[in-house]
Amino acid sequence: MLIVVPFIIPRVVQAQWQAAVGAQSEDLAKQAIAFLPNEMWIHVGDSITWTFLTDEPHTVSFLKNGQVRPPDQAGCPGFASGSATFDGTTCVSTSRLKKGETFTVTFLATGNFKLVCLIHRNMTGTVRVLGLNEPVPHDQDFYDKQAKNEREHLLSAIDLGSHEDHSMENHVNAGAGVISATPGGNGNLVLMRFDHEMVFIHAGETVEWSNSDPTASHTITFGTEPADPMPPSANVMVDADGARHAAISSTADSVHSGFIVAAAQERVGLAQLPPGVTRFRVTFKSAGSYPYICALHDELGMKGTVIVLP
Ligand SMILES: [Cu+2]
């Protein structure tokens, strides 16, 4: 008769797991907008500490299933800081956190929980919380390697200027990006640069900016930055093809494109949206040097200048 004696090791200590939020290139131009790793298996009672690594802000947020996604300024509603518990019945969210900050969540119930950033809509992950009688498949070392692989994959996913040819004159790529998926969710690489930092044209000509990023918004902002960066300034018109268009007659003029961004992804059960406003044009009437910024990402170095020759 064979007697199997189960080997039971009592779990005395709740495990403390580590993960990262975001990654970036040294010049801040490439932002890996992702949880690294974005899928973890843990035991109920365990904690995960997320460390924020970028100058671009993110949130760590767990909403309730079925909850309508709130704007990041509102939290979920409200904000937690430092640490929190989550059991799926009440949402938990940090405010916008940056490089050097951390947030720890202790999971008090079993279940599969979606992790999101309220700022970036294609930045998702999954935490799989198992009962104490279930084995967890991986250790911290595995997740560290997974994070490193995903980070390297994202940061090499796009090269400045390699995504579109530059034969078109008077044209600037205002941002580019790719979405990358794992079984745990989505991450993306966002290029926070205008591909030509300087453009030379003649008075009377028009420059066009286009954003080919699938999700990230950018702006083209001359002069005074508006308090709300989403809408265009009052002096911006719309061309027949849907592009926004403004005229600048002197270096003292202020012109703001508003968000230049792709339409949101199609989803069954939601109303059809119009195409995104992905192009912005400015006609320059007189010679001069016209510096501009992306009002959302100038701190990451997203700036340019139009030099208008007579
Ligand atoms: Cu930008």
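Since the model is a prediction, treat every value here as computed from it, not as a measurement.

Calculation criteria
- Residues numbered from 1 in each chain as written.
- Predicted model: local features only at pLDDT ≥ 70, side-chain atom pairs only at ≥ 80, totals over all residues.
- Heavy atoms only, no water.
- Donors = N, O, S within 2.8 Å, 3.2 Å for Na, K, Ca; no water.
- Tetrahedral: all angles 85-135°; square planar, octahedral: opposite > 155°, others 65-115°.
- Buried < 20%, exposed > 50% of the residue type's maximum accessible area, 1.4 Å probe, protein only.
- Helix = DSSP H or I, 4+ residues; strand = E, 2+ residues; numbered from the N terminus.
- Expected span 1.5 Å × (residues − 1).
- Contact = heavy atoms within 4.5 Å.
- Disulfide = S-S within 2.5 Å.
- Pairing = 2+ DSSP bridges.
- Axes fitted to C-alpha atoms, helices over the stretch in contact; angles between N-to-C directions.
- Phe/Tyr/Trp six-rings, centres within 6.5 Å; stacked < 30°, edge-to-face > 60°.
- Core = buried A, V, L, I, M, F, W, Y, C linked by side-chain atoms within 4.5 Å.

(A) Main features of the coordination of the copper ion. The coordination sphere of the copper ion, as far as protein atoms go, consists of H218 (ND1), C294 (SG), H297 (ND1) and M302 (SD), spread over 2.0 to 2.7 Å. Each of the four donor atoms bound to the copper ion contributes to angles spanning 89 to 133°, and the resulting shape is tetrahedral. Residue H297 is classed as buried on the basis of its relative accessible area of 6%. Relative accessible area serves as the criterion here: at 0%, M302 is assigned to the buried category.

(B) Broad picture of helix α1 (residues 140–155). Across its 16 residues, α1 extends 22 Å between first and last C-alpha, which sits within 8% of the 22 Å expected from 1.5 Å per residue. Residues of α1 that are buried sit in contact with β1 (16–24), β2 (30–36), β3 (39–43), β11 (171–182) and β12 (185–194).

(C) Summary view of unusual backbone geometry. Cis geometry marks the peptide bond from L36 to P37, where omega comes out at -5°. Here P37 is to be found in the loop between β2 and β3. Phi is positive for L28, close to 70°, though the residue is something other than glycine. Taking relative accessible area as the criterion, L28 reaches 17% and is therefore assigned buried.

(D) A look at the state of the cysteines. Applying the stated criterion to the full structure yields one disulfide. Through a disulfide, C76 is tied to C91; the S-S separation comes to 2.2 Å. Taking the torsion about the sulfur-sulfur bond, which here is approximately 85°, the covalent link between C76 and C91 counts as right-handed. Of this pair, C76 sits in the loop between β5 (61–62) and β6 (83–86) while C91 sits in the loop between β6 and β7 (92–93), and the two are 15 residues apart along the sequence. Overall, C76 belongs to the buried group, its relative accessible area being 2%. Summary of cysteine pairing: C117 is not part of a disulfide, and the nearest cysteine sulfur, belonging to C76, is at 13 Å. Note on C117: relative accessible area 0%, which makes it buried.

(E) A look at the sheet that holds strand β14 (residues 206–210). Pairing within the open sheet is mixed, and its 11 strands lie in the order β6-β8-β4-β1-β2-β12-β11-β14-β19-β17-β16. Taken across any chain shown, the strands that pair with only one partner, and hence form the sheet edges, are β6 and β16 (237–238). As paired strands, strand β4 (residues 47–52) and strand β8 (residues 102–107) are joined by five bridges and run antiparallel to one another. Residue T51 lies in a different strand from β8, and its bridge partner there is T102. Here α1 sits on the sheet and contacts β1, β2, β11 and β12; the angle it forms with β2, its principal contact strand, is near 155°.

(F) Region of interest: the side chain of N122. Mapping N122 onto the fold places it in the loop between β9 (111–116) and β10 (124–130). We classify N122 as buried; its relative accessible area is 7%. Apart from residues no more than four positions distant in its own chain, N122 is found in contact with I33, I179, N186, G187, N188, T215 and Q265.

(G) Broad picture of the sheet that holds strand β15 (residues 221–222). With mixed pairing, five strands are arranged side by side in an open sheet as β13-β21-β20-β15-β18. Two strands in the sheet have a free side with no partner beyond their single neighbour: β13 (198–202) and β18 (255–256). Two strands pair when backbone bridges link them, and strand β20 (residues 288–293) and strand β21 (residues 303–309) are joined in this way by six bridges, in the antiparallel orientation. Within β21, the residue paired with G288 across the bridge is V308.

(H) Geometry of the packing of aromatic side chains. According to the stated counting rule, one finds 15 aromatic pairs in the structure shown. An angle of 55° between the planes, with centres 5.8 Å apart, marks the rings of W50 and F62 as tilted. Placement of the pair is W50 in strand β4 and F62 in strand β5, with a sequence separation of 12 residues. Taking the relative accessible area as the measure of exposure, W50 reaches 1% and is therefore buried. Members of the aromatic cluster, connected to one another through ring pairs, are F194, W209, F222, F280, F284, Y290 and Y292.

(I) Quick peek at the nonpolar core. Membership of the largest hydrophobic core comes to 55 residues, with the highest contact counts inside it found for W50, F62, F107, W209, F222, F284 and V306. When near neighbours in sequence (up to four residues on either side) are disregarded, F107 contacts I42, V44, G45, D46, I48, W50, F62, F86, F113, V127 and V129.

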